[in-house]
Every structure is written in C-alpha cells, then in structure tokens.
Amino acid sequence: MKTNHSPWLHQLKKDRVSEILRSDIQTEVVIIGAGIAGMATAFFTLKNTDKKVVILERYKLAHGATGHNAGQVTSYFERGFTSIVEEFGLALASSAQKAIEDTWLLLDEIYTDIKSDIPFSRFIGHAGLSNKEQVLQHLKNNSLRRTAKLNIESMIISDTADFLDTIPNEYDGLYTLAPKEEIQSILEAKTTEFIAVLSYQKGCINSALFCQEILFYLEKKYPDRFSLYELTPISKILLRKNEVLLDAGHHTVAAEKIVLCTNGFEGFTIINDGGLEVNTRFHHMLSGTIGYMSGYLEAANKSPTAISYLLNAHKQPTDPYFYLTRRHYDYGDNVQYNLISVGGPDSALENHARYSHEHEYSDEMTKEIDRFVRHIYDIDPKKNIEYIFTWHGLMGYTKNKIRLIGPEPKNSVLLYNLGCNGIGILPSVYGGKRISEFLSGKKMEKSIFDIPVL
Ligand SMILES: Cc1cc2nc3c(=O)[nH]c(=O)nc-3n(C[C@H](O)[C@H](O)[C@H](O)COP(=O)(O)OP(=O)(O)OC[C@H]3O[C@@H](n4cnc5c(N)ncnc54)[C@H](O)[C@@H]3O)c2cc1C
C-alpha cells in the first residue's frame with residue numbers, strides 16, 4: 001500500500017506557520033474552506049467590496065480537492081452541453097458555458113494582481129474518442145454551441161471510420177477528416193482504438209500552490225480586512241435573520257454572511273433559526289466520489305499537454321475516463337522534469353462514510369493506472385516506471401453535476417460556492433467572482449448555478 005502523496009502539496013512551503021483561532025471573533029463575511037473556491041471568493045470579495053473577510057479551514061490551506069486534483073484547467077462541464085441545454089434551455093446553458101470560458105480572464109486577473117510566477121501553461125488540449133456514439137454526442141454538443149454562437153471545439157474524425165456516411169448533414173462544418181495515424185499522433189497514443197480527436201483550449205496549474213500565492217498576497221494587501229485561521233473545524237452553523245454564529249470548538253465566530261466553500265463534505269450541522277429546514281436539504285444535495293491519480297517524472301523534453309482518453313467502454317458523458325497531464329515540474333534538485341500525471345479510476349463514498357486524506361492508496365489503483373499508461377502512452381514493456389506520487393482526493397458531486405453558487409433561498413445569510421464535480425478549478429474561480437457580486441448587492445441574472453428551491 002502507498003500513502004496519499006500529492007505532487008501539488010509537495011511544492012508548498014513547508015515552514016509556513018498556520019494561524020489558529022484563539023479568541024471569539026466578529027467579521028462581515030466568513031468563508032468556510034481554504035481551497036481554490038475559498039481563496040478565489042476571498043480574493044474577489046476583498047477586491048470588489050470593502051468587507052472584512054475571515055476564512056476558517058478545518059485542516060490546512062489547499063489540502064482538500066485543490067491539493068489532490070489533476071490540475072487541468074478546462075472549461076467543460078462534467079456533463080455534455082446537450083444535456084445542460086435539455087435541463088436549462090439554450091440561453092441559460094450558453095451563458096453559463098460562456099461564463100466559465102471567460103473565467104480564463106479571471107484567472108489571469110488573479111495571477112497578474114498577485115504577481116505570481118508559478119508555472120501556468122496554456123495549450124490546445126485533446127480528447128480521444130473511440131466509438132461512433134461518443135463522436136455523435138460531441139458533434140451534437142458542438143452543433144448546439146454553434147447555434148448559441150459559442151466557440152466550437154475542433155474535431156477530426158478518421159477518414160476510414162465506418163459510419164462517415166451516417167453522420168447527419170446538420171453537422172457539416174463541425175469536423176474534418178484525416179488518417180487515423182494523425183489522430184493517434186495528436187493523442188500521443190500508441191494504440192489504434194481512437195477514431196476521432198476533439199481539441200480545445202486547456203491549461204495546467206498547481207492549484208494548491210496558486211492558493212498559497214493568493215494567501216501571501218491577501219495577507220500583505222489587506223492586513224486589516226483579511227485573516228485565515230487553519231486547523232479550525234466548524235461543527236455548527238446557526239443562521240439567524242441577519243447574522244450567523246459558528247461553533248469553532250473553543251470559540252465562536254459571528255458574521256453577517258457565511259460562504260460555504262467546503263467542496264461538499266464538511267461535518268457540520270446547519271440550524272436555520274426560525275426558518276425552514278436547511279440542514280437536511282443541504283446534505284441531500286451532495287454525494288461523494290474519490291478520484292485516484294498517479295504520477296511519474298521523465299525528462300523535460302516535451303511540451304505541456306492535457307489529454308483525456310474516452311475508451312470504448314465509455315458510453316455516457318458521465319462515465320469515467322482516463323486523463324493525462326504533462327507539465328514542467330521542479331522536484332527539488334534544481335533539475336526540471338516533466339511530471340506525467342494520470343487519473344481515471346474512482347470509487348463512490350458510501351452514504352455517511354468519512355473520507356480522510358490519510359487513507360492509504362490501494363495498489364489496485366496504481367495497477368489500473370499503470371495498465372492504462374502502458375497501453376496508451378509509455379508502452380515500452382521494459383521501462384521501469386516509478387510512480388513517485390500517488391494521491392486521492394474527494395469530489396463533491398451535486399445531484400445535477402453543476403456547481404452551486406449563490407445564496408440559500410431559505411436564508412440568504414448563507415451562500416454556497418461548492419460542489420466540485422470533478423472539474424472545478426474554473427468553476428470555483430467563477431463562483432468566487434459571482435459570490436463577490438452577490439455580497440456587493442448587485443442584482444444578478446438567473447443562472448444554472450443558482451441554488452434550487454426544493
Ligand atoms: C482526483 C481529482 C482530480 C481532479 N482533477 C481536476 C482537474 O483536472 N481540473 C479541474 O478543474 N478540477 C479537477 N478536480 C476538481 C477540483 O480539484 C475541485 O473542484 C476544486 O479543487 C474544488 O475546490 P474547493 O475549494 O471547492 O474544494 P476543496 O479544495 O476540497 O476545499 C474545501 C475545503 O473546505 C474545508 N472544510 C470542509 N469542511 C470544513 C469545516 N467543517 N470546517 C472548516 N473547513 C472545512 C476542507 O478542509 C477543504 O480544505 C479534481 C478533483 C479530484 C479529487
């Protein structure tokens with residue numbers, strides 16, 4: 001058995017001292033959770049309002065999903081655009097899609113303001129498709145994107161695919177044809193099973209290191225308006241009409257607004273004083289999946305990339321798939337490497353089970369990832385691949401796999417920016433900006449991210 005050893009946490013400053021809550025405090029906005037959602041929410045709230053912000057983190061900065069992900073920056077959702085259109089209609093679906101794509105600019109805004117210089121690569125990333133159903137599904141998504149005047153993902157289909165003459169005419173202009181070898185080459189795949197490739201803007205960043213940079217900036221820029229308390233778990237949240245009280249162990253925190261940036265799994269009770277039940281509702285909105293990843297180093301002789309591989313067994317847009325990222329990585333001896341990280345296998349967190357980052361990493365997951373790597377990417381059977389990093393992280397899934405961003409309909413003292421849903425870097429940052437707009441009193445347009453009234 002291996003331990004949970006993440007390459008992202010490996011790069012954090014080891015000697016940073018965590019501040020712990022040592023007295024009762026009062027603030028205007030309290031944020032629970034110091035992952036990318038909490039840090040982005042703090043960043044935009046401090047920048048765009050004059051409110052005082054406190055973040056409370058039960059463990060340490062960025063040690064949740066933010067420190068255990070694949071670090072791919074992508075603008076797609078965990079479900080296809082078509083199904084989002086079916087649920088919300090074209091106008092709302094496309095404004096949400098556009099909002100997430102525009103979040104690249106918000107990421108730039110943060111990166112520039114905090115004067116970060118951590119690696120943040122951008123490139124055209126790819127997804128390999130291996131059957132006709134996947135191809136048609138993505139053509140349908142793209143066709144709707146074209147109708148909505150969104151950017152189109154480019155698609156190349158193998159010129160020998162046996163279903164070319166059954167592709168509906170309405171998809172003309174959404175794909176080109178090329179020899180299968182070209183598709184393999186784009187996907188860097190050593191097998192012949194991929195019959196199409198989808199390409200679009202992607203990037204990669206160490207989102208934990210990014211959070212650390214945001215923290216240093218906020219502490220310096222807003223010494224009177226910002227604090228982060230770590231190792232401070234919240235066990236009870238009491239919502240009143242215009243305030244919230246938090247049980248933080250030995251101390252109490254009072255605030256005007258609370259923003260839950262907890263990914264979903266939090267271990268607290270919510271009491272809505274004098275109002276309708278929020279606690280049960282909240283707990284029914286979320287479920288958990290543990291994602292597993294492994295990573296190894298190789299010479300830094302190829303450029304960064306991010307590629308997803310939808311193997312033949314992948315039938316539904318929500319079925320698991322493998323994803324590989326290659327990025328430049330400093331490993332402590334002043335030599336720059338490429339880190340190849342691969343994810344795909346996952347397991348459901350059973351009802352009420354407690355997830356812990358301390359859980360061991362099962363050998364079965366390493367083997368599954370190794371089988372994939374040797375089948376697709378690094379196929380020399382004699383090559384000894386040493387997975388120096390193996391890690392797992394918890395993804396909080398909302399029922400409809402769309403992040404929850406906004407005020408709780410039953411008591412707007414409470415706001416949410418959570419539900420990581422497997423792809424959450426851009427949505428968390430977008431959520432941070434949107435929450436700051438709610439907090440500043442701006443009238444907000446309806447959105448697919450709104451909290452449902454159940
Ligand atoms: C294996 C894996 C791969 C992924 N790959 C990608 C990817 O390639 N691209 C992408 O965009 N997204 C990816 N994601 C998702 C992405 O990492 C998350 O969406 C994002 O990090 C969520 O950030 P967050 O701040 O909402 O949650 P988290 O980072 O989990 O932060 C929540 C924080 O809340 C704290 N907290 C919870 N309860 C309490 C409490 N009671 N009191 C105090 N603090 C509390 C937790 O300790 C935690 O630090 C992946 C996730 C996983 C697990």
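Residues numbered from 1 in each chain as written. Predicted model: local features only at pLDDT ≥ 70, side-chain atom pairs only at ≥ 80, totals over all residues. Heavy atoms only, no water.

Thoughts on the overall build of the protein chain
Looking only at helices and strands, one finds 10 helices and 19 strands in the protein chain. For 454 residues, the compact-globule estimate of 2.2 N^0.38 gives 22 Å, and the C-alpha radius of gyration of the protein chain, at 22 Å, lies within 12% of that figure. Each of the three principal axes of the protein chain carries a C-alpha extent, and together these read 65 × 50 × 40 Å. Of all 454 residues assigned to the protein chain, the portion counted as buried reaches 57%. For the protein chain, the proportion of contacts with a sequence separation of at least 24, taken over those separated by at least 6, is 75%. Accessible area of the protein chain: about 19,700 Å², with a carbon and sulfur share of 51%. Put simply, the protein chain has 49 plus and 55 minus side-chain charges, and the middle of one group is 3 Å from the middle of the other. (Helix = DSSP H or I, 4+ residues; strand = E, 2+ residues; numbered from the N terminus. Rg over C-alpha atoms; globule rule 2.2 N^0.38 Å. Buried < 20%, exposed > 50% of the residue type's maximum accessible area, 1.4 Å probe, protein only. Contact = heavy atoms within 4.5 Å. Areas by Shrake-Rupley, 256 points an atom, 1.4 Å probe, with all protein chains shown as cover. Lys, Arg positive; Asp, Glu negative; His and termini not counted. Charge placed at Lys NZ, Arg CZ, Asp CG, Glu CD.)

Here's the deal with the packing of helix α2 (residues 36-48) against helix α10 (residues 425-439)
For the pair α2 and α10, the least separation of the axes is 7 Å and the interaxial angle reads 40°. What the angle tells us is that α2 and α10 run oblique. The way α2 lies across α10 gives a crossing that is right-handed. Where α2 approaches α10, its residues I36, A37, A40, T41, F44, T45 and N48 are matched on the opposing element by S428, V429, G432, K433, I435, S436 and L439. A breakdown of the residues in the contact of α2 with α10 according to their chemical character gives 7 nonpolar, 6 polar and 1 charged. (Axes fitted to C-alpha atoms, helices over the stretch in contact; angles between N-to-C directions. Parallel < 35°, antiparallel > 145°, perpendicular 65-115°, else oblique. Left-handed = near helix turned anticlockwise from the far one by under 90°. Nonpolar A, V, L, I, M, F, W, Y, C, P; charged D, E, K, R; others polar.)

Some words on empty space enclosed by the protein
Enumeration according to the criterion identifies 1 cavity of 30 Å³ or more in this entry. Estimates place the volume of the largest cavity at around 60 Å³. Taken together, F77, E78, K401, I402, R403, G419, C420, N421, I423 and P427 form the lining of the largest cavity. Along the lines of polarity and charge, the residues of the lining of the largest cavity split into 5 nonpolar, 2 polar and 3 charged. (1 Å grid on protein atoms, 1.4 Å probe; cavity = no way out; pocket = protein on both sides within 12 Å on 5 of 7 lines; lining within 4 Å. Points joined across faces, edges and corners; volume = space filled by probe spheres on them.)

Quick word on the environment of S436
Residue position: S436 is located in helix α10. Discounting residues that sit within four places of it in the chain, S436 has contacts with F44, T45, N48 and T49.

Focus: the domain arrangement of the protein chain
For the protein chain, the assigned domains are domain 1 (19-69 + 207-285 + 400-439) and domain 2 (125-201 + 288-396). Each of domain 1 and domain 2 has a C-alpha centre, and these two points are 32 Å apart. At the junction of the two partners, domain 1 supplies 16 residues and domain 2 supplies 13 residues. Carbon and sulfur atoms supply 60% of the area buried between domain 1 and domain 2, which totals about 990 Å² over both sides. Where domain 1 meets domain 2, there are 0 salt bridges. Counting across the domain 1 and domain 2 interface gives 5 residue pairs in polar contact (both at pLDDT 80 or more). Here the residues of the side of domain 1 that touches domain 2 sort into 5 nonpolar, 9 polar and 2 charged. (Domains from an automatic or database assignment. Buried area = accessible area lost by both parts, 1.4 Å probe. Salt bridge = Lys/Arg side-chain N within 4 Å of Asp/Glu carboxyl O. Polar contact = N/O pair within 3.5 Å; in protein donor to acceptor, adjacent residues only side chain to side chain.)

Observations concerning α2
Under the 1.5 Å per step criterion, the end-to-end length of α2 is 18 Å for 13 residues, consistent within 8% with the ideal 18 Å. Most of α2 is tucked away: 11 of the 13 residues are buried. For α2, the set of buried residues is I36, A37, G38, M39, A40, T41, A42, F43, F44, T45 and L46. (Expected span 1.5 Å × (residues − 1).)

Describing the pairing of strand β4 (residues 120-129)
Of all 10 residues in β4, 8 are buried; the element is thus mostly enclosed. Pairing analysis gives 10 bridges linking β4 to strand β7 (residues 196-205), with the strands arranged antiparallel. Bridge assignment links H126 to a residue of β7, and that residue is S199. Summarising the sheet, β4 and strand β14 (residues 305-309) pair through 3 bridges and their orientation is parallel. Across the sheet, the residue bridging to G128 is Y309, located in β14. (Pairing = 2+ DSSP bridges.)

Side note on the site of the ligand
Around the ligand sit 38 residues, and of these E57, T66, Q72, E266 and I425 come closest. Taking I234, its main chain carries an N or O atom lying 3.0 Å from a nitrogen atom of the ligand. With respect to the ligand, the side chain of R403 contributes an N or O atom lying 3.1 Å from an oxygen atom. Elements supplying a minimum of two residues to the shell around the ligand: α2, β13 (286-299), β17 (389-398) and α10. It is β17 that contributes the most residues to the shell around the ligand, 3 residues altogether. (Near = heavy atom within 4 Å.)

Structural notes on the nonpolar core
If you look at the biggest cluster of nonpolar residues, it comprises 86 residues, and the most contacted ones within it are M39, V135, I157, F210, L218, F226 and F449. Here this core gets 10 residues from one element, more than from any other, and that element is helix α4 (residues 90-113). Aside from chain neighbours lying at most four places away, what touches F226 is A42, L46, V53, I55, L215, L218 and E219. (Core = buried A, V, L, I, M, F, W, Y, C linked by side-chain atoms within 4.5 Å.)

Regarding the packing of aromatic side chains
Counting across every chain of the model gives 18 aromatic pairs. In this structure an aromatic cluster arises from ring pairing among W104, Y111, F120 and F210. Seen from the ring of Y200, R145 lies directly overhead, with NZ or CZ sitting 5.1 Å from the centre. Across from the ring centre of Y377, 5.6 Å away, lies the NZ or CZ of K190, which sits over that ring. (Phe/Tyr/Trp six-rings, centres within 6.5 Å; stacked < 30°, edge-to-face > 60°. Lys NZ or Arg CZ within 6 Å of the ring centre and 35° of its normal.)

Overview of the pattern of salt bridges
As enumerated under the stated definition, the model contains 16 salt bridges in all. One salt bridge in this structure joins R79 and E87, with 2.8 Å as the shortest N-O distance. Judged by relative accessible area, which is 14%, R79 ranks as buried. Note on E87: relative accessible area 40%, which makes it partly exposed. The salt bridge partner of R145 is E101, with a shortest N-O separation of 2.7 Å. Within this pair, whereas R145 is found in helix α5 (residues 132-147), its partner E101 is found in helix α4, the two being separated by 44 residues in sequence. With respect to burial, R145 and E101 carry one shared label: buried.

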